[in-house]
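Fold and geometry: a report
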Amino acid sequence: LRLPSFSLVPKDDNSLLLINSGMAPMKKYFTGEITPPKKRVTTCQKCIRTPDIERVGITARHGTFFEMLGNFSFGDYFKHEATAWAWEFFTKVLEIPEEKLYVSVYEKDDEAYKIWTEEIGVDPSHMVHLGKEDNFWEHGSGPCGPCSEIYYDRGEKYGCGKPECEVGCDCDRYMEIWNNVFTQFDGDGKGNYEELETKNIDTGMGLERLASVVQDVDSIFDVDTIFALRSKVCELANVEYKKDENKDISIRLITDHIRSATFMISDGIMPSNEGRGYVLRRLIRRAARHGRLLGIEGKFLAKLCETVIEGSKDGYPELEEKKDFILKVLTQEEEKFNKTIDQGLAILEDMEKDMQAKGETV
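Note that this is a predicted model, so its numbers are computed, not measured. (Residues numbered from 1 in each chain as written. Predicted model: local features only at pLDDT ≥ 70, side-chain atom pairs only at ≥ 80, totals over all residues. Heavy atoms only, no water.)

Concerning the packing of helix α6 (residues 224-237) against helix α9 (residues 301-312)
Let me state the cut-off plainly: Note on geometry: axes are lines fitted to C-alpha atoms, helical ones only across the stretch in contact, with angles between N-to-C directions running from 0 to 180 degrees. In DSSP terms, a helix is any run of H or I states spanning at least four residues, a strand is any run of E spanning at least two, and both are numbered starting from the N terminus. Geometric relationships in this document are graded by angle, where less than 35 degrees denotes roughly parallel, more than 145 denotes roughly antiparallel, 65 to 115 denotes roughly perpendicular, and other angles denote oblique. In this scheme the handedness of a crossing depends on how the near helix is turned from the far one: anticlockwise by less than a right angle means left-handed, clockwise means right-handed. Two residues form a contact once any of their heavy atoms are found within 4.5 Å. Note on residue categories: nonpolar means Ala, Val, Leu, Ile, Met, Phe, Trp, Tyr, Cys or Pro, charged means Asp, Glu, Lys or Arg, and polar means any other residue, Gly included.
Interaxial distance between α6 and α9 falls to 10 Å at its minimum, and their mutual angle equals 165°. Between α6 and α9, the angle falls in the class roughly antiparallel. Handedness of the α6/α9 crossing: right-handed. Residues T225, A228, L229, K232, V233 and L236 of α6 touch α9, and the partners they reach there are K303, L304, T307, V308 and G311. Classifying every residue of the contact of α6 with α9 gives six nonpolar, three polar and two charged.

Section: the state of the cysteines
Each disulfide consists of one covalent bond between the sulfur atoms belonging to two cysteines. Rules: Two cysteine sulfurs form what is called a disulfide whenever their separation falls within 2.5 Å. A 1.4 Å probe rolled over the protein chains alone gives each residue an accessible area, and that area as a share of the maximum for its type sets the label: buried under 20%, exposed over 50%, partly exposed in between.
Tallying each qualifying case throughout the model produces zero disulfides. C234 forms no disulfide, and the closest cysteine sulfur to it belongs to C305, at a distance of 18 Å. Since its relative accessible area comes to 0%, C305 is described here as buried.

Re the pattern of salt bridges
Applied cut-off: A side-chain nitrogen of Lys or Arg and a carboxyl oxygen of Asp or Glu constitute a salt bridge if their distance falls within 4 Å.
Counted according to the given criterion, the structure contains 26 salt bridges. Of the charged contacts, one joins D76 and R40 as a salt bridge, the two residues approaching to 2.7 Å between their closest N and O atoms. Note that D76 is positioned in the loop between β2 (65-74) and α2 (79-93) and R40 in strand β1 (residues 40-48), a separation of 36 residues in sequence. Take D76: its relative accessible area is 37%, and that puts it in the partly exposed class. A salt bridge links E335 to K299; its shortest N-O distance comes to 3.4 Å. With E335 in helix α11 (residues 323-358) and K299 in the loop between α8 (275-293) and α9, this residue pair connects regions lying 36 residues apart in the sequence. According to the relative accessible area criterion, K299 is partly exposed, its value standing at 37%. Put simply, K46, D267 and E318 are held in one network by salt bridges that share partners.

Section: unusual backbone geometry
The backbone phi angle of N238 is positive, close to 55°, even though this residue is not glycine. You will see that K242, though not glycine, has its phi angle at about 70°, which is positive. Note that K242 resides in the loop between α6 and α7 (245-266).

Digging into a nonpolar patch on the surface
Keep this limit in mind: Each patch is built from residues lacking any salt bridge and having more than 30% relative accessible area; the joining distance is 9 Å for like charges and 5 Å for nonpolar side chains (Val, Leu, Ile, Met, Phe, Trp, Tyr). Using a 1.4 Å probe, accessible areas were evaluated by the Shrake-Rupley method; residue-level cover was limited to the displayed protein chains.
Nonpolar side chains collect at one region of the surface, where L345, I347, L348 and M351 lie side by side and expose about 390 Å² of accessible area between them. Its location among the elements puts M351 in helix α11. On the accessibility criterion, M351 (48% relative accessible area) is partly exposed.

So, the packing of aromatic side chains
Worth spelling out the cut-off: Aromatic pairs are defined between Phe, Tyr and Trp rings, using the six-membered ring for Trp, whenever the two ring centres lie within 6.5 Å; interplanar angles under 30 degrees are classed as stacked, those over 60 as edge-to-face, and all others as tilted.
Counted under the stated rule, the structure contains 16 aromatic pairs. Look at F30 and F74: their rings are 5.1 Å apart centre to centre, the planes differ by 75°, and that puts the pair in the edge-to-face class. Of this pair, F30 sits in helix α1 (residues 27-31) while F74 sits in strand β2; the two residues are 44 residues apart in sequence, bridging distant segments of the chain. For F30, a relative accessible area of 7% corresponds to the buried category. A ring pair is formed by F78 and F182, whose centres lie 6.1 Å apart and whose planes are at 65°; its orientation type is edge-to-face.

Some points on α9
Stated precisely, the cut-off is as follows: Multiplying one less than the number of residues by 1.5 Å gives the expected span of a helix.
Taking 1.5 Å of rise per residue, twelve residues should cover 16 Å, and α9 covers 17 Å from first to last C-alpha, within 8% of that figure. Looking at the buried side of α9, the elements it contacts are α6, α7, α8, α10 (318-321) and α11.

Let's talk about the environment of K132
The condition is simple: Identification of polar contacts relies on pairs of N or O atoms within 3.5 Å, with a donor-acceptor requirement for protein atoms, meaning one able to donate a hydrogen and the other able to accept it, and with residues adjacent in sequence counted only if both atoms are side-chain atoms.
Mapped onto the elements, K132 comes out in helix α4 (residues 132-135). Among the residues examined, K132 registers a relative accessible area of 35% and is labelled partly exposed. Taking the C-alpha atoms as reference, K132 lies 9.4 Å from C147; in sequence the two are 15 residues apart. For K132, the residues in contact, after removing those within four places along its chain, are Y106, E107, E138 and Y193. Polar contacts involving the side chain of K132 include one to the side chain of Y193, which spans 2.7 Å.

What follows is the structure in C-alpha cells.
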C-alpha cells in the first residue's frame, strides 16, 4: 500500500518536535498499538532534521529538509526478502555496478552476514561489520534491532586520502544510500532485549542522496530539482556558484533552509519563539541573514519559495493549494527580521560615531 507523506507535525507523539524519518509517523504500527492499514506499506516521507544545522552549507551532504523513501513490513516479510529486494533494486533496476556497492552489518548479526554472502552472493571483501553505534537501531525502550546499510563508493576523488579510509569514514567517498532495519527485539532501554513475536522491516533511502548517485553529481545541491532552486538564489544575488567558497556556503544554506520553511508552513507550522515554531523562525532568519551576506537587497524569500513549490507540487499538491498563505507568512517574517537588523545596525552606527568623536577605536 502506497501511503501519502504524513504531516511534518507528529500526531499524538510528544517525543518529537518534527517528523525526522520515514518510520517516525508509523511508530504505533511497529509497537502494535494500532493495526496498520496493510502489512506492507511504502511511503515517500518529508522530513526535517536540525541536529546538524551548523554543518548545512559547509558540507556536500547535510540538509535540514529531505525526502525519505521507505518500505515497511509489519509482521510480514523479513531479512531474506528485504535484503534480496534491496540488492535487486540497486543492481537490476538502477543498474549500479556491484563493485561500487558495499554492505555493512551489525557485528553480532551473523544471520544477515550469511544472507548477504551466501544467498545474495556479495563478495566478503565488500562486507563490513560495524558496532552498535552505527548498525543497531534503537531509541529508548520499545521495538529495536540490528540494521544493514548499503554504501556507494563514489571514488578516490571524494576520499580523505588516509590509508585507513573505508566504509564508515567521515569523508564523502562512501555514501550510505540504503538502510535496512531488522526490528526483531523489544528493548527495555537498559540493555535487555526480548525477541518480538512479529518481526518488522523498516527501510529508508534518502531521495536526494540517491539522486546525486544516479545523476552522478557532486552533492545533493546539484541534483536537478535542487539545482533549479540553487540557480534562482544565484540569480537573485547576482553571483556565480563555485567562485567563492564563503558565498557558496550562503548559497547552499539558503537553498536548503527555504525548502524546509516552505514545507513546514504548508503543514500549518507558524514562526514563534518556542518549539517547532522557533525551529521555523530560526531557519527563515538564517536564510534572510545569508541573503544579506550575498548582497541581496530587499525581500527575496517569497520569490525562492515559488521555485520550491514549482519543483515539488506534483508530489505534494498541498504546496500549491496553500501557496498564497505560505508566501504571506514568509514575507511577514522576513519584514519583521529586516526591521530588527536595521534597528541593530542603526544602534551600532550611533555607537561608532560616538566612539569616533571620543577618538576611541575599540
